[in-house]
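One letter stands for each residue in the lines below.
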Amino acid sequence: MEPRPGRHSARESLPARLADLAGVRLRAVARTAKTRLGPVRPPADAPATRVAAARARRRRRRVVLAAVAVTGLVAALGYAVRSPAPPQLTRETAPVAAPSDQAPVAPVPGDPVSPGEPLLDLKLEPLSESLSLTVLGKRDWRHWGGTGADSVQRKLRGTGEIQDPGGERLEHNAGVTDLQWIDGVPTPREEGTRAGVFQRGAGKSFTLAVAGSGDLRTVRLFVGTFSAGARLDVSLSGGGDPAVQEVALAAGDRFYQYVIRFRAPREDRLMITWRALTVTGGHNDGVALQAITVS
């Protein structure tokens, strides 16, 4: 009996179907291996392919590094924009007390606590090469000599606080400081003079006065000695202790700047006497007077 064609065809196609299934399975395994192991490396005898692969790897590395750099820059800029500005440091200061709560101002040394009380202070200061009577005598000044024994220069529009009773005088030009002014009368301007006046002999003196105003005043007196010993006496006409300074007898010409700080009522005066105590015996020995300023 001959076999049926349908069954014979089924027996012949079964091996073919098994072969097809095996091929599918092998291809699936190959794809899995390719996915896990990566691309198959070219053989060692393909240098051109290896160079291309190396170039590709370098390009990928540069792309990755550039991407990382850009990412870091963007993150830094974002942080800078979002970060708040640091707080400003401020120094704490103590609150200013109201005028009624402030401590009283300490008095100037030598100045009494009560500003209305009389004051008298005397000291000696060194002389410089030149001095301006205009600067030192804000209120008033006077200078003696220069154009004769009776010549006197005054501050233009001065207060008139300086009082000079006059007397017998001689002119000299022996000073050591150039005295200057730009507001004088009768001589408006002086670039530097060393002139002054003097008196001969022991016991001779110059006497000046400065009117009180109730305010603190500073008087500068420019005097000298010609081979003589002398004494400066200053006092307030209203009473109180006087201030005295002496110059020992010595040969030669010497000049001094005395600074007097005083306060006296308007009806009182500052009294000044510059007197020769002793002389060495020369014809022109005595005491000299140059200038006085008030500020």
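Since this is a predicted model, take the numbers as computed values, not measurements. (Residues numbered from 1 in each chain as written. Predicted model: local features only at pLDDT ≥ 70, side-chain atom pairs only at ≥ 80, totals over all residues. Heavy atoms only, no water.)

**So, the overall build of the protein**
Part 1: Check the secondary structure of the protein and you find three helices and 17 strands.
Part 2: Every one of the 295 residues in the protein was classed for burial, and the buried ones make up 31%.
Part 3: A sequence separation of at least 24 residues applies to 76% of the contacts in the protein between residues at least 6 apart. (Helix = DSSP H or I, 4+ residues; strand = E, 2+ residues; numbered from the N terminus. Buried < 20%, exposed > 50% of the residue type's maximum accessible area, 1.4 Å probe, protein only. Contact = heavy atoms within 4.5 Å.)

**Looking at the pattern of salt bridges**
Part 1: Tallying each qualifying case throughout the model produces nine salt bridges.
Part 2: When the shortest N-O distance is used, the salt bridge between E125 and R220 registers 3.1 Å. Of this pair, E125 sits in strand β1 (residues 119-125) while R220 sits in strand β12 (residues 217-226), and the two are 95 residues apart along the sequence.
Part 3: In this structure, the salt-bridge partner of E161 is R139, at a minimum N-O distance of 2.5 Å. Highlighted residues: E161 in the loop between β4 (152-155) and β5 (162-163) and R139 in the loop between α3 (133-136) and β3 (140-144), separated in sequence by 22 residues.
Part 4: Taking the relative accessible area as the measure of exposure, E161 reaches 6% and is therefore buried.
Part 5: Here the salt bridges do not stand alone but share partners, grouping R139, E161, D215 and R217 into one network. (Salt bridge = Lys/Arg side-chain N within 4 Å of Asp/Glu carboxyl O.)

**Details of the pairing of β3**
Part 1: Counting buried residues in β3 gives five out of five residues, a clear majority hidden from the surface.
Part 2: Side chains D140, R142 and W144 project from β3 onto one buried face, and the interleaved W141 and H143 project onto a second face that is buried too.
Part 3: With four bridges connecting them, β3 and strand β17 (residues 286-294) associate as antiparallel partners. Pairing of H143 across the sheet is with A291, part of β17.
Part 4: Bridge count for β3 against β4 is three bridges, and the pairing is antiparallel. (Pairing = 2+ DSSP bridges.)

**Here's the deal with the sheet that holds strand β9 (residues 190-193)**
Part 1: Strand order in the open sheet formed by three strands is β2-β7-β9, and the pairing between neighbours is mixed. Since the sheet does not close on itself, it has two edges, and those belong to β2 (130-132) and β9, each with one partner. Shown here is a sheet whose adjacent strand axes are inclined to one another by a mean of 25°, direction ignored. (Axes fitted to C-alpha atoms, helices over the stretch in contact; angles between N-to-C directions.)

**Things to note about the nonpolar core**
Part 1: Judged by nonpolar contacts, the single largest core of 30 residues is most densely connected at V219, L221, Y258, L270, I272, W274 and I292.
Part 2: Among the secondary structure elements, those contributing two or more residues to this core are β11 (205-211), β12, β13 (228-236), β14 (243-247), β15 (253-263), β16 (269-279) and β17.
Part 3: Excluding anything up to four places from it in sequence, L270 contacts L120, L208, A209, V210, V219, V234, S235, L236, I260 and F262.
Part 4: In this structure, L133, L136, L179 and W181 belong to the second largest nonpolar core, which totals eight residues. (Core = buried A, V, L, I, M, F, W, Y, C linked by side-chain atoms within 4.5 Å.)

**A word on the sheet that holds β11**
Part 1: The strand order across the open sheet formed by five strands is β5-β11-β16-β13-β14, and the pairing between neighbours is antiparallel. The open sheet has two edge strands with one neighbour each: β5 and β14.

**Comments concerning the side chain of T273**
Part 1: When you line up the elements, T273 lands in strand β16.
Part 2: For T273, the contacting residues outside a window of four places in its chain are S205, F206, T207, R231, L232 and D233.

**What about the packing of aromatic side chains?**
Part 1: What the rule picks out here adds up to six aromatic pairs.
Part 2: Taking the centre distance of 6.0 Å and the plane angle of 70° together, the rings of F226 and F255 count as edge-to-face. Linking F226 in strand β12 with F255 in strand β15, this pair joins segments that are 29 residues apart in sequence.
Part 3: F255 gets classed as buried once you look at its relative accessible area, which sits at 11%.
Part 4: Between Y256 and Y258, the aromatic rings sit 6.1 Å apart at their centres with planes inclined by 35°, giving tilted as the arrangement.
Part 5: An aromatic cluster is built from F198, F226 and F255, whose rings are joined through pairwise contacts. (Phe/Tyr/Trp six-rings, centres within 6.5 Å; stacked < 30°, edge-to-face > 60°.)

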